[in-house]
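# A structural walkthrough
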Amino acid sequence: MRQYAEDGWRVIGTVRDATSRIRVEKLGAEAAVVDVTRPKHIAALAERLEGEAIDVLFCNAGISGRKGMALGSFDFASWEEVLRVNLLGPAAIVQALVDNVAASRRKVIALMSSRLGSIGESSGMTLPYSTSKAALNMLAKGLAATLGARGISVVALSPGWVRTDMGGSGAPLSSQTSVAGLRKVIAGLKPAHSGRFFSYDGSSIPW
């Protein structure tokens, strides 16, 4: 968000509370309070942006759920919450704003996935989070197939292991490096790339 705003883009960031809204506005972006699990919030956002073209719709809402879940100790309520935020939230946002994307010049929808969502590379760890991201990848693939006729490119992206609240202080990547890489991938997207899964460094990740 900061990098796009500094480069002169009009950036609209969604946040879950008023405190976060202040932080977003200090970065030079517009802010809207939107909990992606609440249909009324999404409807209000769609109404606010009616008629506005959106070049890049970046869906990055995500939670990891309760830590330490494994076979024999699944917390299904927590798992359902992860799916609501990580999968159904982005689906609802895309549904609400797809016409805005179609009206733009770039026509890009980017869904923030994770390498943990790769079925081909699965280690069986963090199943609630991993399954939510695998499902998100399927959403990206399916949307790419259905929205291609409207000229919209849809990709799943992995930010790498980043030093954030979720990634932890021991992660090897800074958020600045990850975001710069993701921006480079998005800037270089062509229609032929739609429906693919990319890492922040531009390499392809197996589904």
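### Let's talk about the packing of helix α4 (residues 76-102) against helix α5 (residues 127-147)
Two elements in contact, α4 and α5, have axes whose closest approach is 8 Å; the angle formed by their N-to-C orientations is 20 degrees. Between α4 and α5, the interaxial angle falls into the category roughly parallel. By crossing handedness, the relation of α4 to α5 is classed as right-handed. On α5, the residues that touch Trp-79, Val-82, Leu-83, Asn-86, Leu-87, Pro-90, Ala-91, Val-94 and Val-98 of α4 are Leu-127, Pro-128, Tyr-129, Thr-131, Ser-132, Lys-133, Ala-135, Leu-136, Leu-139, Leu-143 and Leu-147.

### So, the sheet that holds strand β6 (residues 197-199)
With parallel pairing, the four strands of this open sheet are ordered in space as β3-β4-β5-β6. A single partner strand is all that each edge strand has here, and the edge strands are β3 (56-59) and β6. Recorded for the sheet is a direction-independent mean angle of 25 degrees between the axes of neighbouring strands. Pairing analysis gives three bridges linking strand β5 (residues 153-158) to β6, with the strands arranged parallel. Bridge pairing in β6 places Leu-157 opposite Phe-198. Contacts from α4 reach β3 and β4 (108-112), with the element oriented near 175 degrees to β3. The sheet contacts of α5 involve β4, β5 and β6, and relative to β5 the element is tilted by about 160 degrees.

### Describing the pattern of salt bridges
This structure, assessed with the given rule, holds eight salt bridges. Arg-10 serves as the salt-bridge partner of Glu-30, at 2.8 Å between the closest nitrogen and oxygen. Taken together, the residues span a long stretch of sequence, with Glu-30 in strand β2 (residues 30-33) and Arg-10 in the loop between α1 (2-6) and β1 (12-15) at a distance of 20 residues. Across the pair Arg-10 and Glu-52 runs a salt bridge whose closest N-O atoms are separated by 3.0 Å. Taken together, the residues span a long stretch of sequence, with Arg-10 in the loop between α1 and β1 and Glu-52 in the loop between α3 (39-48) and β3 at a distance of 42 residues. The class of Arg-10 is partly exposed, set by a relative accessible area of 49%. On the basis of relative accessibility, which here comes to 31%, the residue Glu-52 falls in the partly exposed class.

### Structural notes on the environment of Val-24
Summarising the element assignment, Val-24 is placed in helix α2 (residues 18-26). Val-24 sits 11 residues away from Gly-13 along the chain, and the two C-alpha atoms are 6.8 Å apart. Beyond its immediate stretch of four places on either side in the chain, Val-24 contacts Met-1, Gly-13, Val-15, Ala-29, Glu-30 and Ala-31.

### Examining the nonpolar core
In terms of nonpolar packing, the biggest core is built from 32 residues, with Leu-57, Ile-93, Ile-109, Leu-111, Ile-152 and Val-154 touching the most fellow members. Among the secondary structure elements, those contributing two or more residues to this core are α3, β3, α4, β4, α5 and β5. Here this core takes nine residues from α4, the largest share from any one element. Those residues within four positions of Ile-152 in sequence are excluded, and the remaining contacts are Val-98, Val-101, Ala-102, Lys-107, Ile-109, Leu-147 and Ser-194. In this structure, Ala-5, Val-11, Val-24 and Ile-186 belong to the second largest nonpolar core, which totals 18 residues.

### Digging into unusual backbone geometry
A positive phi angle, close to 55 degrees, is found at Lys-107, a residue other than glycine. Counting through the fold element by element, Lys-107 comes out in the loop between α4 and β4. Overall, Lys-107 belongs to the buried group, its relative accessible area being 18%. Although it is not a glycine, Thr-126 adopts a positive phi angle of roughly 45 degrees. On the basis of relative accessible area, Thr-126 is assigned to the partly exposed category, the value being 39%.

Definitions and cut-offs
- As a convention, each chain's residues are numbered from 1 in the sequence order in which they are written.
- Side-chain atom pairs in this predicted model are given and counted only at pLDDT of 80 or more, local residue features only at pLDDT of at least 70, and totals for whole chains, interfaces and linings cover all residues.
- To get the side-chain values, take all heavy atoms of the structure and skip hydrogens and water.
- The convention used is that axes are lines fitted to C-alpha atoms, helices contributing only their stretch in contact, and that angles between N-to-C directions extend from 0 to 180 degrees.
- Helix numbering and strand numbering both begin at the N terminus, where a helix is a DSSP run of H or I of at least 4 residues and a strand a DSSP run of E of at least 2.
- An angle below 35 degrees is read as roughly parallel, one above 145 as roughly antiparallel, one from 65 to 115 as roughly perpendicular, and any other as oblique.
- Helix crossings fall into two classes, left-handed where the near helix is turned counterclockwise from the far one by less than a right angle and right-handed where it is turned clockwise.
- By definition in these notes, contact holds between two residues if any of their heavy atoms fall within 4.5 Å.
- A pair of strands is labelled paired if DSSP reports no fewer than 2 bridges between them.
- One side-chain nitrogen of Lys or Arg within 4 Å of one carboxyl oxygen of Asp or Glu is enough to make a salt bridge.
- Each residue is assigned to one of three classes by its accessible area relative to the maximum for its type, calculated with a 1.4 Å probe on protein chains only: buried under 20%, partly exposed between the two thresholds, exposed over 50%.
- Here, nonpolar core means buried Ala, Val, Leu, Ile, Met, Phe, Trp, Tyr and Cys residues that are tied together by side-chain atoms lying within 4.5 Å of each other.

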